Amino acid sequence: MGLALPFGDTVALGYLSMTPVELATPAILIALLVAVGVWSARNDGGRYVQLLRRGVVAAGVVLIPGAISVGWFARFDPDTISGITTTPAEQTFWFLSMSLFGAGLSMLAGVAAFGFGGWLSATLQNRPGPRLIIAIDGPAASGKGTLAKRIAAHFGVPYLDTGLLYRAVARDVAAASHGLEDAAAAVAAAKSLDASSLSDPGLRGPRAGDAASIVAKIPEVRAALLEYQRDFARNESRGAVLDGRDIGTIVCPDADIKIFVTASDQARARRRHLEHQARGEAIDYDQVLQDLRRRDARDSGRSVAPLEAAGDALRLDTTNLDPDQAFAAALRLIAGKVGTRTMMDLLRCDASSKNAK
Ligand code: DC
């Protein structure tokens, strides 16, 4: 059975007799218009919508009268279409109607291609990027804080130094004139912790770290701080980097990447000692080493959430690495775990979120 469409044969025969170049030309034009749509939507979204609207109106203005006119001929004067018994005036009018209709259809196809380009651009831009939670644990002076901060900056995701929470609790307990071993006072301080006070420079330094290690032994203090840390990891749309002692084991056991940073006791003590010297503090290297070991023992030996590597953590020994080398090694570990493609996607999303600001 043949095509029942009016002018079906004519149209089909027309396409069959077209040369490849004639067939390719509209395809190239359409592809060009899609590309222009992508470019325009990316470049200036407002102008793109304006152009699209104008295109739809212009195509409608040409197409609708053309369609009405062609429809009129098809319905009331089919003879004109077959060209049998018609006057030259009718033939001319038919020819003009068809031209209008054809031009309108072409314009509509062009507008649709332009619109498709805009849609494609929006879809590509809104494609949800990967969301990575990176947990970095390790003992004091292992280099985990510097590393975590740098990884977060590299991927443009937020960073939480969870040690600051314990440091702030210890600060608040001491400020309320309680002893650091006073569990009730420490729990009260943890429950009323003001997150905006974490930028307090007084929280830096080994003395505050040692005090933090004491309040961190109290299970209720850890419990009071747990939700804050989990919320931080949960609420960030593109993921987050958290560093501490129990991130991979307790806070974010489902973290996509867990890195356990270590370094020999001597290397860590040397780094700490240099930091003291840079601040002009006269302190013996052996004393620093002893303090570090005491803190490690306290953090590793406590009953709740001790310092330990999660079973699925990747290990990074920074004993012989400077910060740049440690960072490069960590990126290699991350790439090995999630693949370079996800790494690129993370960077792409960071770039597009920065562009959107
Ligand atoms: O990472 P830091 O040096 O700022 O941590 C100070 C102390 O806080 C650390 O010795 C133990 C405690 N801490 C913890 O128990 N759990 C964490 N996730 C982070 C820190």
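Just so we're clear, the structure is a prediction, and the values are computed from it rather than from any experiment.

### A few points about the confidence of the model for the chain
Per-residue confidence for the chain gives a mean pLDDT of 90, with 93% of residues at or over 70. Counting interchain partners and residues more than four positions distant, the pLDDT-below-50 stretch residues 1-6 has 2 contacts.

### A few points about a nonpolar patch on the surface
Taken together, Ile28, Leu29 and Leu32 make up a surface patch of nonpolar side chains, about 310 Å² in accessible area. Tracing the chain through its elements places Leu29 in helix α2 (residues 20-43).

### So, the packing of helix α9 (residues 206-215) against helix α13 (residues 285-301)
Their axes nearest at 10 Å, the elements α9 and α13 cross at an angle of 25°. Comparing their axes, α13 and α9 come out roughly parallel. Like other packed secondary-structure pairs, α9 and α13 cross with a definite hand, here left-handed. Residues Pro206, Gly209, Asp210, Ser213 and Ile214 of α9 form the contact with α13, whose participating residues are Arg294, Arg295, Arg298 and Asp299. Here the residues of the contact of α9 with α13 are counted per class, giving 2 nonpolar, 2 polar and 5 charged.

### Concerning the site of the ligand
Around the ligand lies a shell of 16 residues, among which Arg167, Arg222, Arg245, Arg295 and Asp299 are the nearest. Note that an oxygen atom of the ligand is positioned 2.8 Å from one of the side-chain N or O atoms of Arg302. For the ligand, the accessible surface in isolation is 440 Å², of which the surrounding protein chains cover 97%. When contributions to the shell around the ligand are tallied by element, the ones reaching two or more residues are α7 (163-175), α9 and α13. Along the lines of polarity and charge, the residues of the shell around the ligand split into 3 nonpolar, 5 polar and 8 charged.

The rules behind the values
Residues numbered from 1 in each chain as written. Predicted model: local features only at pLDDT ≥ 70, side-chain atom pairs only at ≥ 80, totals over all residues. Heavy atoms only, no water. pLDDT = per-residue confidence, 0-100. Contact = heavy atoms within 4.5 Å. Patch = residues over 30% accessible without salt bridge, like charges linked within 9 Å, V, L, I, M, F, W, Y side chains within 5 Å. Areas by Shrake-Rupley, 256 points an atom, 1.4 Å probe, with all protein chains shown as cover. Salt bridge = Lys/Arg side-chain N within 4 Å of Asp/Glu carboxyl O. Helix = DSSP H or I, 4+ residues; strand = E, 2+ residues; numbered from the N terminus. Axes fitted to C-alpha atoms, helices over the stretch in contact; angles between N-to-C directions. Parallel < 35°, antiparallel > 145°, perpendicular 65-115°, else oblique. Left-handed = near helix turned anticlockwise from the far one by under 90°. Nonpolar A, V, L, I, M, F, W, Y, C, P; charged D, E, K, R; others polar. Near = heavy atom within 4 Å. Polar contact = N/O pair within 3.5 Å; in protein donor to acceptor, adjacent residues only side chain to side chain.

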